[in-house]
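A closer look at the structure
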Amino acid sequence: IITPPIKHEMMHIVSMTEWGTPGAGNNWLNEGLATYSENNCSGYSVSEMYRYFLEEKMLAPLESLAYQFYQTQEMISYHQSAYVVEYLISNYGLPKFEALWKDGFLSMENIYGFTPSQLETTINKYVMEIHPKPPKIDWETLSKGCK
């Protein structure tokens, strides 16, 4: 049984009502925020899934997520983006996140003071600290969708 993504879809409505349509290269923020609001895929948090993807070398470069979000494998793009969103909001607050949402991907360095590649390095190190051992995820099962 697949649970309807009510939290996910409601987050789209709330965020776009409040902040408008995301700026250029920000579909990943839109889908990432909505996926983070659920923060559960078959019993795994977005940070656990990110850690698994990091271990398995499945992560997409942030620039690729920004400009080719829907061309990236769905389970990876949505959950990787969700963890980046969680990290940005938890560590830097909603006002900066809102500015990135509105101004677009290319404004990241101006808003946060780091480049996307610097963020990737930092977040990869951080997720390994909070999850020293990657979760044992069965990719064949998970790739078919969250339950």
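Structure: above.
Note that the structure is predicted; figures quoted are calculated from it, not measured. (Residues numbered from 1 in each chain as written. Predicted model: local features only at pLDDT ≥ 70, side-chain atom pairs only at ≥ 80, totals over all residues. Heavy atoms only, no water.)

1. Description of the state of the cysteines
Let me state the cut-off plainly: The term disulfide is used for any two cysteine sulfur atoms that are within 2.5 Å. Each helix corresponds to a stretch of at least 4 residues labelled H or I by DSSP, and each strand to a stretch of at least 2 residues labelled E; elements are numbered beginning at the N terminus. Relative accessibility decides the category of a residue: with a 1.4 Å probe and only protein chains considered, values under 20% of the type maximum give buried, values over 50% give exposed, and everything between is partly exposed.
Evaluated as defined, the whole model comprises one disulfide. A sulfur-sulfur separation of 1.9 Å characterises the disulfide bridge that pairs Cys41 with Cys146. Measuring handedness by torsion sign, the sulfur bridge of Cys41 and Cys146 sits at about -100° and is left-handed. Of this pair, Cys41 sits in the loop between helix H2 (27–38) and helix H3 (46–55) while Cys146 sits in the segment after helix H9 (139–142), and the two are 105 residues apart along the sequence. Among the residues examined, Cys146 registers a relative accessible area of 24% and is labelled partly exposed.

2. Quick notes on H3
Where we set the bar: Contacts between residues were defined by any pair of non-hydrogen atoms, one from each residue, lying within 4.5 Å.
Buried residues dominate H3, accounting for eight of its ten residues. If you check which residues of H3 are buried, you get Val46, Ser47, Met49, Tyr50, Arg51, Tyr52, Phe53 and Leu54. Buried-residue contacts for H3 involve H2, helix H5 (74–92), helix H8 (116–130) and H9. Once H3 ends, the next one or two residues include Lys57, with phi positive near 55°.

3. Overview of the nonpolar core
Filter applied, for reference: What is meant by a nonpolar core is a set of buried Ala, Val, Leu, Ile, Met, Phe, Trp, Tyr and Cys residues, joined one to another through side-chain atoms within 4.5 Å.
Counting 31 residues, the largest nonpolar core has Trp28, Leu88 and Phe97 as the members making the most contacts within it. Mapped by element, the contributors of at least two residues to this core are H2, H3, helix H4 (62–68), H5, helix H6 (94–103), helix H7 (108–112) and H8. Leu88 has contacts with Trp28, Gly93, Phe97, Leu100, Tyr112, Phe114 and Leu119, leaving out every residue within four places of it along the chain. Residues Tyr52, Met75, Ile76 and Leu142 belong to the second largest nonpolar core, which totals nine residues.

4. Quick look at H2
For clarity, the cut-off: One fewer than the residue count of a helix, multiplied by 1.5 Å, yields its expected span.
Between its first and last C-alpha atoms H2 spans 17 Å; for twelve residues at 1.5 Å apiece the expected length is 16 Å, and the two agree. Each element contacted by the buried residues of H2 is listed here: helix H1 (6–19), H3, H4, H5, H6 and H7.

5. Examining the packing of H1 against H6
Where we set the bar: Structural elements are reduced to axes, namely lines fitted to C-alpha atoms, with helices fitted over the stretch in contact, and the angle between N-to-C directions of any two is expressed from 0 to 180 degrees. Orientation labels follow simple angle bins: below 35 degrees gives roughly parallel, above 145 gives roughly antiparallel, 65 to 115 gives roughly perpendicular, and whatever is left gives oblique. Gly counts as polar in this scheme, as do all residues outside two lists: the nonpolar Ala, Val, Leu, Ile, Met, Phe, Trp, Tyr, Cys and Pro, and the charged Asp, Glu, Lys and Arg.
With their axes 11 Å apart at the nearest point, H1 and H6 run at an angle of 80° to one another. With respect to H6, the axis of H1 lies roughly perpendicular. Contacts from Ser15, Met16 and Trp19 of H1 reach H6 at Leu94, Phe97, Glu98, Trp101 and Lys102. Looking at side-chain class alone, the contact of H1 with H6 contains five nonpolar, one polar and two charged residues.

Nothing here speaks to function; it is geometry throughout.
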